[in-house]
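Below, each chain spelled out in residue letters.
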Amino acid sequence: MTKPFLRIVAPAMLVSVALVVASAAAAQDKLPASDPAAQKVAASICSSCHGAMGVSTSPLFPRLAGQQELYLAAQLKAFKAKTRGEADAHDYMWGMATLLDDSVIAGLAHYYSVQRPGPGIAGDAALIERGKLLYEKGDPSHNVVACATCHGDQAEGTSIFPRLAGQHAPYVLRQLDVIQHKFRDSPIMHGVIKDLDANAMKAVAEYVQSK
């Protein structure tokens, strides 16, 4: 699936989002985080890219199952506000999030946070070993702190720090790259990874994907 394809399907999917959200709003004015209406949006719209129950099979789209609730809500709000400015956000998620109100965002964040995460994905053993060292110990010679400091010993994430365990390595690597080059606004992460080279980032991505 390519970006041109996303640009073609996005308008049609926006219509679907509008219909689903409107239907949910008609059912009740305010959606609590556990409301089935958010599950309907997830099943009817989000699943087409992010997979059933948030376990994406395409490395183009992140896995959402088991992701931290506060992190998911914050990212959806950032997409809606257009403050996440990397190309993927601009091409696709800006439009998709426009029609989501805060109650639906809260519902989606809760729904995905309680789904069972997908299993780790095997990769290059040497890269995984190097990535494990960087993740757990950091790189003092380049003032890089251990990823585990914020993302947890098992890469499970915490609060606003996202779960990385089982995430597609190409997606993780792409996010590291856009943060490092300030295409995505993330001052804390930029400071942490600004001196990491491409091979180190690839190793970390391969490691967390295997978790």
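Predicted, not measured: the structure shown is a model, and the values here were computed from it.

Draft legend 1. Structural context of unusual backbone geometry. With a phi close to 60°, M53 is a non-glycine residue in the positive phi region. Considering the arrangement of structural elements, one finds M53 in the loop between helix 2 (36-50) and helix 3 (69-81). Phi at K182 is positive, roughly 60°, even though this residue is not glycine. On the secondary structure map, K182 appears in the loop between helix 8 (169-180) and helix 9 (187-193).

Draft legend 2. Seen up close, the pattern of salt bridges. Taken as a whole, this structure holds four salt bridges when the rule is applied. Between K132 and E136 there is a salt bridge, with its nearest N and O atoms 3.1 Å apart. Remark: E136 and K132 occur in helix 6 (residues 125-137); sequence separation between them is four residues, near one turn of the helix. The partly exposed category is assigned to K132, whose relative accessible area is 31%. For E136, a relative accessible area of 34% gives the class partly exposed.

Draft legend 3. Spotlight on the nonpolar core. In terms of nonpolar packing, the biggest core is built from 24 residues, with V41, L76, F79, M93, L100, L108 and Y112 touching the most fellow members. Mapped onto this core, the elements with two or more residues apiece are helix 2, helix 3, helix 4 (87-98) and helix 5 (102-113). Once residues within four sequence positions are removed from consideration, Y112 is found in contact with A42, C46, S47, M53, G54, L64, A65, G66, Q67 and L72. Counting residues in each nonpolar core, the second largest holds 21 residues, with L134, V144, L176 and V208 among its members.

What counts and how
- Residues numbered from 1 in each chain as written.
- Predicted model: local features only at pLDDT ≥ 70, side-chain atom pairs only at ≥ 80, totals over all residues.
- Heavy atoms only, no water.
- Helix = DSSP H or I, 4+ residues; strand = E, 2+ residues; numbered from the N terminus.
- Salt bridge = Lys/Arg side-chain N within 4 Å of Asp/Glu carboxyl O.
- Buried < 20%, exposed > 50% of the residue type's maximum accessible area, 1.4 Å probe, protein only.
- Core = buried A, V, L, I, M, F, W, Y, C linked by side-chain atoms within 4.5 Å.
- Contact = heavy atoms within 4.5 Å.

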